[in-house]
Number of protein chains: 2
Amino acid sequence: MELVEARQKFIETWGKLGSEWGINRTMAQVHALLLISPEALTTEEVMEALSISRGNANMTLRDLISWGLVEKQLKPGERKEYFFAEKDAWTIARQVAQERKKRELDPLLKVLNDLSEVKGSEKDPAYKTFKSSVKGITKLSANVNKTLETMIKAEENWFWGSILKIFK
Amino acid sequence: MELVEARQKFIETWGKLGSEWGINRTMAQVHALLLISPEALTTEEVMEALSISRGNANMTLRDLISWGLVEKQLKPGERKEYFFAEKDAWTIARQVAQERKKRELDPLLKVLNDLSEVKGSEKDPAYKTFKSSVKGITKLSANVNKTLETMIKAEENWFWGSILKIFK
DNA sequence: ATAAACTTTCAATAATTTTTGAAAGTTAAA
DNA sequence: TTTAACTTTCAAAAATTATTGAAAGTTTAT
């Protein structure tokens, strides 16, 4: 396969994967493009490479920055902003884990905690089922939470390596 | 909080969570409803409880079945089909992990493998960056893959317990 | 101060995804 | 059979989400 074709395919695949995980396709594609670009790119270059509008490129790049996946680069003597992506896969995974934890898991834990205080009678099957389902999900979420916290703190390689070792 | 309100909130929260993870909101809500229902429900009851159409209820229930999260129950002497959800959180997590692995990770690994065979020159920075990014993602994906395989096989409680222990 | 280079905003539009509901299909009892 | 109970399908409509692009905003150099 030729590089041009392979790059195309990579951008497409990463975009599809993103959209399956609740990340807007264009955002994943811009990320993919920067991932495989040796140099930082301008908004103009991103627009060009992916055939998207200026507004879209701008918003998407800002989003990626807020996810901690992309950074601005300022070149001395130039007005333009350049953008480049963190390339290390483990760092990307940690960054995404951290953001999703903050945006989703933390609020979920809060809600589950509220729900655990529901009032009702132990004789009521609806009450009992509710309680026990919420409890089960709470327990799992708490475990996921702890694991993510550890993952976020963990050094490169260390985490998965350790996990895998115990299963040998 | 009253049970009726809490159930409402749970359904809403689960639905929102689902949509943040690429699962259609209604599907997650139907799942939530069944999760907190002591008895299996009919299509009619699901339609009623969530104010959705027959077509939507039917498709959603079939989807949930294909995800292994919901099962049909046939009551002797009745024509109607009843639906109930697996209630154990760990089993649900495993089931989802298994399905997403099959639907997304396995195909991704295939594509990454193809992409690793791209032709080009080691002098070309675009080639080098492409290769190294793909390699990094491939390595991470392979680790996720192994971990999921283990998780899918693992017994209740065992998996997370083990993970957490090494971080104590 | 003005202009030029560049970035951001956002209302309108387009694309995509989800939902509806009525018709067609299926199954089992009479 | 025929009918009635129930399930499935799918084209059209609605809802949601993403994108555009031109205008407004900002910053720097002169």
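Every chain is numbered on its own, with residues counted from 1 as its sequence reads. Each chain gets a letter, beginning with A, and each ligand a number, beginning with 1, in the order they are written. With the structure being a predicted model, the display of local features is reserved for residues of pLDDT at least 70 and the display and counting of side-chain atom pairs for 80 or more, all residues being used for whole-chain, interface and lining totals. No hydrogens and no water enter the side-chain calculation; it runs on all heavy atoms of the structure.

K.L.:
Before we move on, could you go through the relation of the copies chain B and chain A and cite the residues and values that matter?
P.N.:
Superposing the two chain copies requires a rotation about an axis and a translation along that axis. Once chain B has been moved 0.0 Å along the axis and rotated by 180°, it coincides with chain A to within an RMSD of 0.0 Å. The relationship between the two copies is best expressed as a two-fold rotation axis. When the interface residues of chain B are mapped onto chain A, 100% of them again lie at the interface, so the same face is used by both copies. In superposing the copies, a least-squares fit is computed on C-alpha atoms, taking residues whose pLDDT is at least 70 in both. Contacts are assigned to residue pairs that have any heavy atoms within 4.5 Å of one another.

K.L.:
Go over the side chain of A:Glu99, please, and point to the residues and values.
P.N.:
Residue and element names in this part refer to chain A. The helix count covers DSSP runs of H or I at least four residues long, the strand count covers runs of E at least two residues long, and both are numbered beginning at the N terminus. Mapped onto the fold, Glu-99 is located in helix 5 (residues 89-115). Glu-99 gets classed as buried once you look at its relative accessible area, which sits at 7%. Those residues in contact with Glu-99, other than ones at most four positions away along the chain, are Ser-66 and Trp-67. Here's how the labels work: a residue is buried when its accessible area is under 20% of the maximum for its type, exposed when over 50%, partly exposed in between, all with a 1.4 Å probe on protein chains only.

K.L.:
Lay out the interface of chain B and chain A in plain terms, naming residues and giving numbers.
P.N.:
Contacts between the two partners involve 56 residues from chain B, matched on the other side by 56 residues from chain A. A combined buried area of about 5,000 Å² lies between chain B and chain A, and 78% of that area is made up of carbon and sulfur atoms. We define a salt bridge as a side-chain nitrogen of Lys or Arg found within 4 Å of a carboxyl oxygen belonging to Asp or Glu. Where chain B meets chain A, there are zero salt bridges. Side-chain atoms alone can form a polar contact between residues adjacent in sequence; in general such a contact is a pair of N or O atoms within 3.5 Å, and within protein one must be able to donate a hydrogen while the other accepts it. On the surface where chain B and chain A come into contact, there are eight residue pairs in polar contact (both at pLDDT 80 or more). Those elements that provide at least two residues to the side of chain B that touches chain A are helix 1 (3-20), helix 5 (89-115), helix 6 (125-153) and helix 7 (158-165) of chain B. If you tally residues by element for the side of chain B that touches chain A, the top one is helix 6 of chain B, at 16 residues. Residue classes follow a fixed rule: Ala, Val, Leu, Ile, Met, Phe, Trp, Tyr, Cys and Pro count as nonpolar, while Asp, Glu, Lys and Arg count as charged, and any other residue, Gly among them, counts as polar. For the side of chain B that touches chain A, the per-class residue count stands at 32 nonpolar, eleven polar and 13 charged. Here the quantity called buried area is the accessible surface, traced with a 1.4 Å probe, that two parts lose on coming together, added over both.

K.L.:
Requested: an account of the protein's contact with DNA strand D, with residues and values cited.
P.N.:
Every one of the 17 residues lining DNA strand D counts as a neighbour, but A:Thr26, A:Ser53, A:Arg79, B:Asn58 and B:Arg62 are closest to it. Proximity criterion: a residue is near a molecule or strand once any of its heavy atoms comes within 4 Å of it. Expressed as a percentage, the sugar and phosphate content of the atoms of DNA strand D within 4 Å of the protein is 64%. Measuring from a phosphate oxygen of DNA strand D, one finds a side-chain N or O atom of A:Thr26 at 2.3 Å. Of all the secondary structure elements, the ones that give two or more residues to the surface near DNA strand D are helix 4 (54-66) of chain A together with helix 4 (54-66) of chain B. The leading source of residues in the surface near DNA strand D is helix 4 of chain B, at five residues. Each residue belonging to the surface near DNA strand D can be placed in one class, and the counts come to two nonpolar, eight polar and seven charged.

K.L.:
So what about the sheet that holds strand 1 (residues 41-42) of chain A? Which residues, and what values?
P.N.:
Residues and elements named next belong to chain A. Following DSSP output, two strands are said to pair if at least two bridges run between them. Strand order in the open sheet made by the three strands is 1-3-2, with antiparallel pairing throughout. This sheet does not close on itself; its edge strands, each paired only once, are strand 1 and strand 2 (70-74). As judged from the five bridges shared by strand 2 and strand 3 (residues 81-85), these two strands associate in the antiparallel manner. Directly across from Glu-71, in strand 3, lies its bridge partner Phe-84.

K.L.:
Outline the domain arrangement of chain A, supporting the account with residue identities and numerical values.
P.N.:
All names here are of chain A. Domain borders in the structure are assigned automatically or taken from a domain database. Assigned domains within chain A: domain 1 (3-85) and domain 2 (89-166). Taking only C-alpha atoms, the centre of domain 1 and the centre of domain 2 are 31 Å apart. Each side of the interface is counted separately: domain 1 has eight residues, and domain 2 has six residues. Both faces combined, the contact of domain 1 with domain 2 buries some 650 Å², and carbon together with sulfur accounts for 64% of it. The largest contributions to the domain 1 side of the interface with domain 2 come from Ser-66, Trp-67 and Leu-69, which together make up 65% of the buried area. There are zero salt bridges connecting domain 1 and domain 2. At the surface where domain 1 touches domain 2, the tally comes to two residue pairs in polar contact (both at pLDDT 80 or more). Across the side of domain 1 that touches domain 2, the residue classes tally to five nonpolar, three polar and no charged.

K.L.:
Can you explain the sheet that holds strand 3 (residues 81-85) of chain B? Please cite residues and give values.
P.N.:
The strand order across the open sheet formed by three strands is 1-3-2 (chain B), and the pairing between neighbours is antiparallel. Every interior strand has two partners, whereas the edge strands, strand 1 (41-42) and strand 2 (70-74) of chain B, have only one.

K.L.:
Residue-level account of the nonpolar core, with values.
P.N.:
If you look at the biggest cluster of nonpolar residues, it comprises 94 residues, and the most contacted ones within it are A:Phe10, A:Phe130, B:Phe10 and B:Phe130. If near-sequence neighbours (up to four positions away) are discounted, A:Phe130 is found in contact with A:Leu115, A:Val118, B:Leu3, B:Ala6, B:Arg7, B:Phe10 and B:Ile36. Buried Ala, Val, Leu, Ile, Met, Phe, Trp, Tyr and Cys residues form a nonpolar core when they are joined through side-chain atoms within 4.5 Å.

K.L.:
Mind laying out the protein's contact with DNA strand C, listing which residues take part and the relevant values?
P.N.:
Close to DNA strand C lie 17 residues, the nearest being A:Asn58, A:Arg62, B:Thr26, B:Ser53 and B:Arg79. Counting only atoms of DNA strand C within 4 Å of the protein, the fraction found in sugar and phosphate groups is 67%. Between DNA strand C and A:Arg79 there is a distance of 2.8 Å, counted from a base nitrogen to a side-chain nitrogen or oxygen. Note that a base oxygen of DNA strand C is positioned 2.8 Å from one of the side-chain N or O atoms of B:Arg79.

K.L.:
How would you explain the pattern of salt bridges if you had to name every residue and give the values?
P.N.:
As enumerated under the stated definition, the model contains 16 salt bridges over all chains in all. We note a salt bridge from B:Glu99 to B:Arg103, for which the minimum N-O separation is 2.8 Å. Remark: B:Arg103 and B:Glu99 occur in helix 5; sequence separation between them is four residues, near one turn of the helix. Note on B:Arg103: relative accessible area 35%, which makes it partly exposed. Residue B:Asp114 is joined to B:Lys110 by a salt bridge in which the shortest nitrogen-to-oxygen separation is 3.2 Å. Taken together, the residues B:Asp114 and B:Lys110, both in helix 5 and four residues apart, mark about one turn of the helix. By relative accessible area, which is 52% here, B:Lys110 ends up exposed. What you see here is one network of salt bridges that share partners, running through A:Glu99, A:Lys102 and A:Arg103.

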